[in-house]
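Chain by chain, the residues:
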Amino acid sequence: MKAGIEAISFYVPKYYLDLKTLAAERGIDHAKYYNGLGQEKMAIVPPDEDVVTMGASAALRAMEKVNPASIDTVLFATESGIDQSKSAAVYVHGLLDLPSHCKCVELKQACCSGTAGLLMALAMVRQQPAKKVLLVASDIARYGFGTAGEPTQGGGAVAMVLSTEPHLMAIDPQNGSYSDDVMDFWRPNYMEEALVDGKYSIKVYVKALTECWNQYVRETGHDFDYFDWFCYHLPFTRMGEKAHMHLAKYADVHGYTKAQLMEQIAASLRYNRQTGNLYTASLYVGLTSLLESPAELAGSRLGLFSYGSGCVGMFFGGQVMENYQAHLKTSDHQHMLQDRIELDYPTYRKMYGYRLPQDGQQHDTPVYHTGPFRLAGINEHKRIYTAVQAEIEADTDAKNQCIRSEQHRPENTKHMVSVA
Ligand code: HMG
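Residues numbered from 1 in each chain as written. Predicted model: local features only at pLDDT ≥ 70, side-chain atom pairs only at ≥ 80, totals over all residues. Heavy atoms only, no water.

### Concerning the overall build of the protein chain
Inference 1: A tally of helices and strands in the protein chain yields eleven helices and 18 strands.
Inference 2: A compact globule built from 420 residues would reach a C-alpha radius of gyration of about 22 Å, and the protein chain, at 20 Å, matches this within 12%.
Inference 3: Looking at the protein chain residue by residue over its 420 residues, the buried ones come to 58%.
Inference 4: A separation of at least 24 residues holds for 76% of the contacts in the protein chain among residues at least 6 apart in sequence.
Inference 5: Summing over all exposed atoms, the protein chain offers an accessible surface of approximately 17,300 Å²; the carbon and sulfur share of this is 49%.
Inference 6: Side-chain charges in the protein chain split into 39 positive and 48 negative, and the spacing between the mean points of these groups amounts to 2 Å. (Helix = DSSP H or I, 4+ residues; strand = E, 2+ residues; numbered from the N terminus. Rg over C-alpha atoms; globule rule 2.2 N^0.38 Å. Buried < 20%, exposed > 50% of the residue type's maximum accessible area, 1.4 Å probe, protein only. Contact = heavy atoms within 4.5 Å. Areas by Shrake-Rupley, 256 points an atom, 1.4 Å probe, with all protein chains shown as cover. Lys, Arg positive; Asp, Glu negative; His and termini not counted. Charge placed at Lys NZ, Arg CZ, Asp CG, Glu CD.)

### Some thoughts on the pairing of strand β11 (residues 229-232)
Inference 1: Side-chain alternation along β11 places Trp-229 and Cys-231 on one buried face and Phe-230 and Tyr-232 on a second face that is also buried.
Inference 2: Alignment of β11 against strand β12 (residues 301-308), held across four bridges, turns out to be parallel. By the bridge assignment for β12, Trp-229 is matched with Leu-302. (Pairing = 2+ DSSP bridges.)

### Section: the environment of Ala-116
Inference 1: Along the polypeptide, Ala-116 turns up in helix α5 (residues 113-127).
Inference 2: Taking the C-alpha atoms as reference points, Ala-116 and Ser-306, 190 residues apart in sequence, are found 9.3 Å from one another.

### Side note on the sheet that holds strand β14 (residues 341-342)
Inference 1: The strand order across the open sheet built from three strands is β3-β2-β14, with neighbouring strands paired in mixed fashion. Looking along the sheet, the strands with just one partner apiece sit at the ends: β3 (41-44) and β14.
Inference 2: In this structure, strand β2 (residues 15-18) lies alongside β14, joined through two bridges in parallel fashion. Bridging across to β14, Tyr-16 finds its partner in Glu-342.

### Looking at helix α10 (residues 330-338)
Inference 1: For α10, every residue scored as buried is listed here: His-333, Met-336 and Leu-337. End-on, the buried residues of α10 take up no more than an arc of 95°, which puts them together on one face. (Arc of directions from axis to C-beta.)

### Describing unusual backbone geometry
Inference 1: In this model, Gly-310 is joined to Cys-311 through a cis peptide bond whose omega is 0°.
Inference 2: Relative to the elements of secondary structure, Cys-311 occurs in the loop between β12 and β13 (312-320).
Inference 3: Phi angles above zero are rare outside glycine, and Asn-323 is one such case at about 60°.
Inference 4: Checked against the element boundaries, Asn-323 lands in the loop between β13 and α10.
Inference 5: The backbone phi angle of His-381 is positive, close to 65°, even though this residue is not glycine.
Inference 6: Within the secondary structure, His-381 sits in the loop between β16 (373-379) and β17 (382-388).

### Structural notes on the packing of helix α3 (residues 51-62) against helix α4 (residues 88-95)
Think of two packed helices as two axes; the pair is described by the angle between the axes and how far apart they sit.
Inference 1: Where α3 meets α4, the axes come as close as 9 Å, and the angle between the chain directions of the two elements is 50°. Taken as axis vectors, α3 and α4 run oblique relative to one another. Here α3 and α4 pass one another in a crossing that is right-handed. Every residue of α4 that contacts α3 at Val-52, Gly-55, Ala-56 and Ala-59 is listed here: Ala-88, Tyr-91, Val-92 and Leu-95.
Inference 2: Its residues assigned to classes, the contact of α3 with α4 comprises seven nonpolar, one polar and no charged. (Axes fitted to C-alpha atoms, helices over the stretch in contact; angles between N-to-C directions. Parallel < 35°, antiparallel > 145°, perpendicular 65-115°, else oblique. Left-handed = near helix turned anticlockwise from the far one by under 90°. Nonpolar A, V, L, I, M, F, W, Y, C, P; charged D, E, K, R; others polar.)

### Here's the deal with the packing of helix α8 (residues 258-275) against helix α9 (residues 282-291)
Inference 1: Where α8 contacts α9, the two axes come as close as 7 Å, and the packing angle between them is 120°. Between α8 and α9, the angle is such that the two are oblique. In this structure, α8 crosses over α9, and the sense of that crossing is right-handed. Contacts from Ala-267, Ser-268, Leu-269, Arg-270, Tyr-271 and Asn-272 of α8 reach α9 at Ser-282, Val-285, Gly-286, Thr-288, Ser-289 and Leu-290.
Inference 2: Looking at side-chain class alone, the contact of α8 with α9 contains five nonpolar, six polar and one charged residues.

So, in structure tokens, the structure goes:
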């Protein structure tokens, strides 16, 4: 029985910082970011969005053609959780008004908990083929201000419906996995920013890829040539290129030029160059980027590598279905990326520095452009979410120019309805 991805959609906030702007402030040649890291823009999450609003926005679009009653479980993968006890999955379940028979759980293991959720979901639907799982992976990648990690920030979410009707891609049951207790990247509970040993994290990523590949080959007997295209976890897109060149060398492949190897991953890098690292969502935004590229993929075999610092890696494969294009949200995603608002440096700095008050009193969050949901405020230590009923008109005039914080548009709140 085939099982896999029935629907996929992603969401990024309305704001981004061009890495040329950051490079100018940091006195760095922007080619280091554009070419050395392979990143052009990073998504910036405004104060009235968090992993719940972003995850719910991605899920709303992924669920457009899915009967909510068929959803049996909501899994939420994140390493930017908003609560130590209550799962973000329950908030998304509420915002989307999903049936009360659903099971809702949050998962964590750095960037690869999205993949852990995917593999768990597929095991569930293989057991009970009439049921579907909504998987949300949502994160805010934050590093210390002015550190080497800063240009690899980002934020956003992906949502997938996993079922035995995989309109987009059937996922193979076998995978190769690897775990090792290392300190390459972590975030203690008392910190807002991740701590990272950057160069070491790249080495561990590559080692995990090698070990997962070995295990995958032992499990399946497949070789490199079995795959037509590859997708990697993308903390920055050059990492995907380095990883793919490493794998090709390690697997001792013959008959490919460097250009042909790069071609096997190029289409998966396009969206991530514009968003930055989305942690749990990164691999799947890369997959969406590949599926939504002009290439004809029906019948193609894809190899996917998921890496989560700390560390756990997983390598698995799948096959793209016939007529998959009819089930994509290509134009929605491309408009979402194009219609974003560029930040100037002072506004980026202000957004970066914003913290939700922690005194338990009632506070409204400042109003920014958001998607269909926003974090309206906090009261008695409870987060208050609102559904933005009317589509907020994208300010197309502002699209290509920097905005300043005083230009935020409080009038957009008038269509909001409290759902909390
Ligand atoms: P850095 O100190 O900026 O690195 O840190 P660099 O000086 O080595 O420069 C980076 C590249 O730019 C190099 O390319 C330079 O040569 C090149 P390479 O030699 O590696 O191919 N470069 C230039 N290129 C063109 N023109 C120029 C120029 N100057 C230099 N003028 C680092 C980079 C990625 C380490 C840093 O940004 C960082 O710490 N980022 C965060 C950690 C990270 O992303 N690690 C990736 C693996 S771990 C992972 O993926 C898991 C993660 O997603 C978390 C999770 O699992 O939850 C992070």
